[in-house]
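The primary structure of each chain is shown beneath.
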Amino acid sequence: MARKRDSPKLIKIKDAINLINQQVSLIGIVLEQREPKQCRNNDWICTLRIIDDTYPSPGFTVNVFSNTLEELPQIKNHDDMILFTCIKMQTFDSGKRVNAACNKRVSSFALFEGADFVCYQCTSNFHEEEALYKSAMADLRKFFASCSEVVRALQSISYRTEPCSVETFSFLREIKKGKRFDLVCRILHADEDMSSVFVWDGTDAPPASILAKRSEEDKAFSSLSVHTLLSRDILLSFPTVGTILRVSLSSHLFHRVKPGDWVELYQLLFEVDKGSWVIKVTNSTKVRHLAQDDCLVEKIMRLYNKRISSKLGHIPFWCFPSPPGLTETDENCAPFVTLMDIITFPKVTCKYRCIVRVVTAYPWQVDDFCSNENRHHRVLLTLEDPTATLEAFLCDKDAEYFWGLGYHDTETLRKKRNWLLGIRESLNFVAPRNPPWIECCILSYYTNKADPWKTRLYRIFGTRLLD
């Protein structure tokens with residue numbers, strides 16, 4: 001009869017740090033997890049900081065090694081328990097400090113969550129009976145539940161030296177071209193491969209200048225157009241006020257985040273490409289989780305709730321409290337909405353009033369605004385606000401009303417088109433353009449009653465440019 005394998009004896013952290021070069025087994029609460037990194041031998045390493053009742057501060061460091069990123073600890077909650085077996089205690093910093101190594105060949109770990117300590121991840125070589133350790137985990141949880149100092153520490157998973165240094169972080173409305181920024185934002189959506197996430201902080205990114213081109217196809221794609229990248233079902237869960245930007249990073253930086261998480265994003269570089277904000281990673285880019293009740297999160301939500309409770313909350317920050325009066329509309333009593341409000345509106349057909357910039361026109365040449373066959377006026381304008389972009393037709397009587405006097409004069413129409421798109425031409429170059437904010441009315445409609453949502457389109461109506 002085979003001899004039953006003995007379960008390893010648990011050691012407290014305070015005792016373990018004296019057992020240098022020995023293998024120990026211990027249980028701790030996960031206080032912190034750093035971003036995984038790939039080693040020179042292509043293995044992966046992840047650093048955890050754990051605590052127990054004998055070592056509540058500053059926490060004990062364990063370096064976990066594995067062959068693949070997926071085999072590293074995938075921490076789900078900030079106060080989850082982790083059980084390590086056969087990790088080796090070792091010194092570093094010339095013997096002044098102690099940490100432990102969880103080696104894939106001899107060590108193992110298991111992660112537990114909730115009041116019942118359900119195991120949701122363990123290494124393939126973990127063969128211990130979980131029930132043997134639940135009593136120790138319950139005692140540890142009970143101890144920390146009564147320790148207010150540690151509870152506060154658990155509620156802030158970051159490496160900030162200050163408990164809440166708001167000044168070191170920027171809002172999306174403060175970003176500038178060619179500059180690096182640290183952001184606190186909410187993950188609204190993540191791609192399946194975790195290579196891209198969509199982030200939001202409730203503020204409006206500044207309008208970007210557009211490098212004009214002498215081209216009929218000057219239809220600059222905007223990174224604000226999240227509705228072109230995601231399904232409507234996903235968009236329905238998004239806030240309709242505030243800029244949503246896509247961030248593309250290495251998948252291992254985002255492998256632990258999920259929609260709804262608040263994170264700190266460090267050292268992101270912001271650039272502008274064809275009028276679109278482009279977020280680039282740097283060698284210093286990091287991702288760190290924040291608790292829902294972190295003071296930074298609370299400040300952002302306080303500002304956002306104050307904004308949306310105002311009647312003017314859906315007006316872009318950059319033309320607040322009203323646009324410069326370059327247009328007038330027939331629906332001057334209707335409340336303002338954002339383009340994301342329009343895109344996610346529950347009815348296919350409706351009338352809206354919004355404040356936008358006209359960033360492109362198609363056809364580009366004014367001579368082509370009218371067709372040669374039936375002389376119908378038809379131009380597709382791309383509208384932009386801080387939340388999204390939207391293509392809206394300007395046709396026939398609505399176009400005549402919009403352009404006003406000089407509607408049939410090509411040169412007058414060209415000047416109005418240039419003014420609307422922010423085009424300033426000189427003899428030697430075409431300057432970057434910055435379209436003005438205008439107020440306009442939009443109608444949503446469908447072309448196929450059998451499939452109204454897939455054939456939903458938009459057109460401008462009841463709006464006139466002022467001379």
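Residues numbered from 1 in each chain as written. Predicted model: local features only at pLDDT ≥ 70, side-chain atom pairs only at ≥ 80, totals over all residues. Heavy atoms only, no water.

Heads up, the condition is: UniProt positions are given in the numbering used here, feature names are shortened, and annotations may be inferred rather than shown by experiment.
With an unreviewed UniProt entry as reference, the chain is termed DNA binding protein, source organism Arabidopsis lyrata subsp. lyrata. Under the UniProt heading Subcellular location (unreviewed entry), the note attached to the chain is "Chromosome, Telomere".

## Concerning the overall build of the chain
Keep this limit in mind: A run of H or I in DSSP becomes a helix once it reaches four residues, and a run of E becomes a strand once it reaches two; helices and strands are each numbered from the N terminus. Summary of the burial criterion: residues with accessible area below 20% of their type's maximum are buried, those above 50% are exposed, and those between are partly exposed, where the area comes from a 1.4 Å probe applied to protein chains only. Note on areas: Shrake-Rupley, 1.4 Å probe, and residue coverage restricted to the protein chains presented here.
Looking only at helices and strands, the chain has nine helices and 21 strands in total. Here the chain, with 467 residues, has 49% of them falling under the buried criterion. About 23800 Å² of surface is accessible on the chain, with carbon and sulfur atoms providing 50% of the total.

## Notes on a positive patch on the surface
Here is the rule we go by: Patches here: salt-bridge-free residues with over 30% relative accessible area, like charges joined within 9 Å, nonpolar side chains (Val, Leu, Ile, Met, Phe, Trp, Tyr) joined within 5 Å. A side-chain nitrogen of Lys or Arg and a carboxyl oxygen of Asp or Glu constitute a salt bridge if their distance falls within 4 Å. In this charge count, Lys and Arg are treated as positive and Asp and Glu as negative; neither His nor the chain ends contribute. Note on charges: their place is set at NZ of Lys, CZ of Arg, CG of Asp or CD of Glu.
Together, Arg34, Lys37, Arg97 and Lys286 line one region of the surface with positive charge. Turning to its location among the elements, Arg97 is positioned in strand β6 (residues 97–102).

## Let's talk about unusual backbone geometry
For residues besides glycine, phi is generally negative; the peptide bonds are generally trans as well. Residues Tyr362 and Pro363 are joined by a peptide bond in cis, for which omega reads 5 degrees. In this structure, Pro363 sits in the loop between β16 (350–362) and β17 (378–385). We note that Asp396 has phi near 45 degrees; this positive angle belongs to a residue other than glycine. Looking at where Asp396 falls in the secondary structure, it is placed in helix α8 (residues 396–403). Overall, the relative accessible area of 33% leaves Asp396 in the partly exposed class.

## Some points on the pattern of salt bridges
Should the charged atoms of two oppositely charged side chains come close, the side chains can pair. Per the counting criterion, the structure on display carries 10 salt bridges. Of the charged contacts, one joins Arg357 and Glu384 as a salt bridge, the two residues approaching to 3.0 Å between their closest N and O atoms. Within this pair, whereas Arg357 is found in strand β16, its partner Glu384 is found in strand β17, the two being separated by 27 residues in sequence. Across this residue pair, the class does not change: Arg357 and Glu384 are buried. A salt bridge links Asp398 to Arg459, with the shortest nitrogen-to-oxygen separation between them at 2.4 Å. Remark: Arg459 occurs in strand β20 (residues 456–461) and Asp398 occurs in helix α8; sequence separation between them is 61 residues. With relative accessibility at 27%, the residue Arg459 sits in the partly exposed group.

## Quick notes on the side chain of Thr203
This is how it is decided: Polar contact is defined as a pair of N or O atoms within 3.5 Å, subject to the rule that within protein one atom must be able to donate a hydrogen and the other to accept it, and that residues adjacent in sequence are counted only when both atoms are side-chain atoms. Any two residues whose heavy atoms approach within 4.5 Å are treated as being in contact.
You can see Thr203 is positioned in the loop between β10 (196–200) and α4 (232–235). For Thr203, a relative accessible area of 7% gives the class buried. At 3.3 Å, the side chain of Thr203 forms a polar contact with the backbone nitrogen of Leu172. Polar side-chain contacts of Thr203 include one of 2.7 Å to the side chain of Asp201. Look past the residues within four positions of Thr203 in its chain and what remains in contact with it is Phe171, Leu172, Arg173, Gly242, Thr243 and Arg307.

## Observations concerning the packing of aromatic side chains
Any pair of aromatic rings gets described here by the distance separating the centres and the angle formed by the planes. For clarity, the threshold we go by: Stacked, edge-to-face and tilted labels apply to pairs of Phe, Tyr and Trp rings (six-membered ring for Trp) whose centres lie within 6.5 Å, assigned for plane angles under 30 degrees, over 60, and everything in between, in that order.
According to the stated counting rule, one finds nine aromatic pairs in the structure shown. When the centroid spacing of 6.5 Å and the interplanar angle of 80 degrees are considered together, the rings of Phe270 and Trp277 count as edge-to-face. Trp277 shares its class with Phe270; the two are buried. Three or more aromatic residues link up through ring pairs in this structure, and these residues are Phe181, Phe270 and Trp277.

## Looking at the side chain of Asp385
Position of Asp385 among the secondary structure elements: in strand β17. A distance of 2.8 Å separates a polar atom in the side chain of Asp385 from the backbone nitrogen of Leu339.

## Digging into the environment of Val337
Along the chain, the position of Val337 falls in the loop between β15 (327–329) and α7 (339–343). As a C-alpha pair, Val337 and Pro316 span 21 residues in sequence and 9.7 Å in three-dimensional space. Ignoring any residue separated from it by four or fewer positions in sequence, one finds Val337 in contact with His314, Ile342, Tyr352, Arg353 and Cys354.

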